[in-house]
Structure formats: C-alpha cells, structure tokens
Amino acid sequence: MPHIFLSTLGAKVRKRIRLHQVRMGMYVEELEGAVVASSRIVGSILSRDDIDLMMNSRAMSVVIDTRKGLDVDQGARDGVVNDLVSYASGLSSWFTTEEIRLAREAIQDVRPCVRDLLVEARARGSFRLDAADKAVERIMLKAMTNAGAMIAVAKLKAKDEGIFLHSLAVSALMVTFGRNLGMSEQAVRLLGIGGLAHDLGKTVLPIELLRKPGKLTADELQVVRTHPTRGYELVKQIDGMPKPVLDICLHHHEKFDGTGYPHQLRGSAIPQAARIAAICDVYDALTSFRPYKRAWSQAEAIDAMTQSRGHFDPDLLNAFISKMVINGTIH
Ligand SMILES: [Fe+2]
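Here's a quick rundown of the structure. (Residues numbered from 1 in each chain as written. Predicted model: local features only at pLDDT ≥ 70, side-chain atom pairs only at ≥ 80, totals over all residues. Heavy atoms only, no water.)

## Considerations on the overall build of the chain
Rules: Helix and strand labels come from DSSP, where a helix needs a run of H or I of at least four residues and a strand needs a run of E of at least two; each type is numbered from the N terminus. Only protein chains enter the area calculation, which uses a 1.4 Å probe; residues under 20% of their type maximum are buried, those over 50% are exposed, and those in between are partly exposed. Pairs of residues are marked as contacts when any of their non-hydrogen atoms sit within 4.5 Å. For accessible areas, the Shrake-Rupley method is used with a probe of radius 1.4 Å. Any residue's cover is judged against the shown protein chains and nothing else.
The secondary structure content of the chain amounts to 13 helices and five strands. Burial statistics for the chain: of 331 residues in total, 52% are counted as buried. By sequence separation, contacts in the chain at least 24 residues apart represent 66% of the contacts at least 6 residues apart. Accessible area of the chain: about 15000 Å², with a carbon and sulfur share of 54%.

Below you can see the structure in the form of structure tokens.
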C-alpha cells in the first residue's frame, strides 16, 4: 500500500502506514481501527515491548509523525522499487560492505555441505544427517551476528541454485525465528536441519518439472504435491531422526484452516515446527529473485501473507512480523 499523506501543509509529516511497516524509532500518533486499545503505544517506538503491544492491538493502520521520529524507508520496503538492480543497491543501504562480504562468505562456506545433502538425496534417495548437521552448525554460528544479510543475499537465486539457496535461506530464517521466539539452541538446531531438508522430496521429482517455467498442469501439480511425503519417506529412513525434522518435511504445506496438503491437518494439529516452516518457506519464495520472476518486496510479501487468511498460524505470523520484520532483523 503506498503511503497516504495526511498532512498537506508544508512538509508531509503525518503518514498513514500499515502496521508491519512500523519500525523502532518512529513516532506513532494514532492507531486506527485497533481492536485492543492501548494509549501506551502512542509516542516513540523505542522497544520490542512497544512493537509487541502494537501488534497485539490488531490496528488496521498507523499514523506516524516524521518530524518526531523516523520515516518509512521508501523504496524496496515499500513495494515500489524491487527489481534486481534496485535490490542490489538496497542491500548496501541496509548492510555494511563487510556484512555483505561475510554473508557471501558464509553462503560459500555452507554450500558444499548442502550440495552433498541434495546430491545424495537425488542420487541415492538418502539423507546425510552429518552433512545437514555440519551445515546447520555453520548457519547457526553465522546467523548469530549476520542473519539479516545472509537471508538477504540468498534472495538472489540463479537458475541452478534455486533449491540450494532456498533451503539455506529457509534454514537461516527458521534458526533466527526460533531464537527470537526464545526456543532452546537444541530446538533451534532441529528447526535449522528441518529448514535444509524441507524440500528434499523435490530432488526425486523429474528435473524438467521443477524447472518448468510458467504454470503447471493439474497433473503436474499433483506430482509436485507428492514432495512432502517423498521427503518424509526419505528422511524417515534414518534411525532416530528427530521428530521436528520429520514434521517439517511432511507438513510444511499444511494450512492452519485445514486446506493444505498432504493430510489436511488443522490448527494446532499441525506440529509447531511445520507451522514455523510454512511461514519461512513462503516468505523466502515470495521475496526471492528468480531468473523468470520479479521478487516481491518485503511489504508486498507480508501484505499477501496477512491477507491469505487461514493459511498461517495467526499468532506465529504476528510473531514473525514483530520479531523478524518490524524490528529490522530481515529486509
Ligand atoms: Fe515444499
């Protein structure tokens, strides 16, 4: 949604923006359509608690005063500029050159392990837990300080790197989201492994199908939709495979209202790890650059995800917006 300028005299200082566009350092003048009223939120947004309060208010929109606090970052976040060149220049406004360099280095570092994982799955239909573990250990270490840059750099997906960079980005998103949700490092590690493995079932599908540009036929779609079950079968062969990893492979396409696949699970019957995976998977898919499609800006993706009623766990989606988007962890 473009900004609506409320003040026309002199500088445009009062703006109506969407809830998820609010950032720390903005000055909030009014919450419009709040279901839960809280006068504490009016004023400068200084802490994560302020952001949580605001998210819980379920306001339709927010009026900010740009004389008293930060403005919205016009451009990529706004859905106006989101071609590849603009995105590349946006990267350098969000991160330092050193952070981008370290993010690229981290991706190169993890690449051999993830490649082993994918090659082994395609060639032998098996899962290399040791390679996944090694990759996640590195992702967890790098995500400690540089998650945002790593996730941002991984959005630039070349033709042959789609599955590799998507698995890596979903893993890094899940690790960071799990940490921001206050989960233990062990639980976070399993989310990271699940993120790497979630689409493993795709590696055993015909490659032409995965690379087909444009719309799939109904029959082709049916085949693609077998990938959660195929991935689960593949990962399940390993003795002692942790349950969250199995859950993520099998259930990351379930929807909260029971209309997903493969089992049409509903609400809390969908394991939490899979509900987390669904959000991270769709967020990365929507915001990534592919050779054949323009990427959505963060604002467009979050708009679409919040409007896609029934798809995601609403509480987890709210947490993703407040703890990952609004606080500026990811761009
Ligand atoms: Fe998938």
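## Digging into the side chain of D313
To be explicit about the condition: Counting of polar contacts relies on pairs of N or O atoms within 3.5 Å, with two restrictions inside protein: one atom must be capable of donating a hydrogen and the other of accepting it, and residues adjacent in sequence are counted only when both atoms are side-chain atoms.
Examined against the element boundaries, D313 turns out to sit in the loop between α12 (298–307) and α13 (314–326). The exposure class of D313 is buried, given its relative accessible area of 8%. Within the structure, D313 has its side chain in polar contact with the backbone nitrogen of D315 (distance 3.0 Å). The residues touching D313, leaving out its near neighbours within four places in the chain, are F256, R275 and I279.

## Regarding the environment of V136
Relative to the assigned elements, V136 resides in helix α4 (residues 129–153). Residue V136 is classed as buried on the basis of its relative accessible area, which comes to 0%. Once the C-alpha coordinates of V136 and V175 are considered, the two residues, 39 residues apart in sequence, prove to be 8.7 Å apart. Apart from the residues within four sequence positions on either side, V136 is in contact with S171, R189, G192, I193 and L196.

## Considerations on the coordination of the iron ion
As a reminder of what qualifies: The rule for donors is simple: an N, O or S atom within 2.8 Å of the metal counts, and for Na, K and Ca the reach is 3.2 Å. Water is not among the atoms, so a site may look short of donors. For four-coordinate sites, all angles between 85 and 135 degrees define a tetrahedron; for four- and six-coordinate sites, opposite donors beyond 155 degrees with the remaining angles between 65 and 115 define square planar and octahedral shapes respectively, and all other cases count as irregular.
Protein coordination at the iron ion: the donors are D199 (OD), H227 (NE2), H252 (NE2) and H253 (NE2), at 2.1 to 2.3 Å from the metal. Coordination at the iron ion comes from four donor atoms whose angles at the metal span 85 to 174°, giving a geometry best classed as irregular. Counting along the primary sequence, the residues that act as donors to the iron ion give the motif D-x27-H-x24-H-H. Remark: H253 occurs in the loop between α10 (243–251) and α11 (272–287) and H227 occurs in helix α9 (residues 227–236); sequence separation between them is 26 residues. In this structure H227 comes out as buried when scored by relative accessible area, which is 1%. Accessibility expressed as a relative area gives 21% for H253, which makes it partly exposed.

## Remarks on the nonpolar core
What counts here: We call a set of buried residues a nonpolar core when its members are Ala, Val, Leu, Ile, Met, Phe, Trp, Tyr or Cys and they connect through side-chain atoms within 4.5 Å of each other. The start and end points of each domain follow an automatic or database-based domain assignment.
Formed by 87 residues in total, the largest nonpolar core has its most connected members in F127 and F320. Here this core takes 13 residues from α4, the largest share from any one element. Both domains that meet at this core, namely domain 1 (3–70) and domain 2 (78–326), each give it at least three residues. With residues up to four places along the chain from it excluded, the contact list for F127 reads L117, A132, I193, A197, L200, L234, V235, I238 and M241.

## Some words on the pairing of strand β5 (residues 61–65)
Here is the rule we go by: Each pair of strands is called paired provided DSSP finds at least two bridges between the two strands.
Counting buried positions over the five residues of β5 gives five, a clear majority of the element. Pairing analysis gives four bridges linking strand β2 (residues 14–17) to β5, with the strands arranged antiparallel. What sits directly across from R16, in β5, is V63.

## Remarks on unusual backbone geometry
A cis geometry characterises the amide bond from Y261 onward to P262, with omega recorded as 10°. Within the secondary structure layout, P262 lies in the loop between α10 and α11.

## Here's the deal with α10
Count 3.6 residues to each turn of an α-helix, and residues three or four apart come out pointing the same way. In terms of burial, α10 is a largely internal element, seven of the nine residues being buried. Of all the residues in α10, the buried ones are V245, L246, D247, I248, C249, L250 and H251. Structurally, α10 contributes buried residues whose contacts are with α5 (162–180), α6 (185–197), α9 and α11.

## Regarding the packing of α5 against α6
Note the threshold: The convention used is that axes are lines fitted to C-alpha atoms, helices contributing only their stretch in contact, and that angles between N-to-C directions extend from 0 to 180 degrees. Every angle not falling under 35 degrees, over 145, or within 65 to 115 is termed oblique; those three ranges are roughly parallel, roughly antiparallel and roughly perpendicular. By definition, any crossing whose near helix is turned counterclockwise from its far helix by less than a right angle is left-handed, and any crossing with a clockwise turn is right-handed.
At a minimum axis distance of 7 Å, the contact between α5 and α6 shows a crossing angle of 160°. Taken as axis vectors, α5 and α6 run roughly antiparallel relative to one another. Taken as a pair, α5 and α6 cross one another with a handedness that is right-handed. On α6, the residues touching S167, L168, V170, S171, M174, V175, G178 and R179 of α5 are E185, V188, L191, G192, G195 and L196.

## Some points on the packing of aromatic side chains
For clarity, the threshold we go by: In this analysis, rings of Phe, Tyr and Trp, with Trp reduced to its six-membered ring, are considered paired at centre separations within 6.5 Å, and the interplanar angle assigns stacked below 30 degrees, edge-to-face beyond 60, and tilted for intermediate values.
Inspection of the entire model under this criterion finds two aromatic pairs. Ring centres of F177 and F320 lie 5.2 Å apart, and the angle between their planes is 85°; on these two criteria the pair is classed as edge-to-face. Of this pair, F177 sits in helix α5 while F320 is found in helix α13, placing the two residues 143 residues apart along the sequence. By relative accessible area, which is 0% here, F320 ends up buried.

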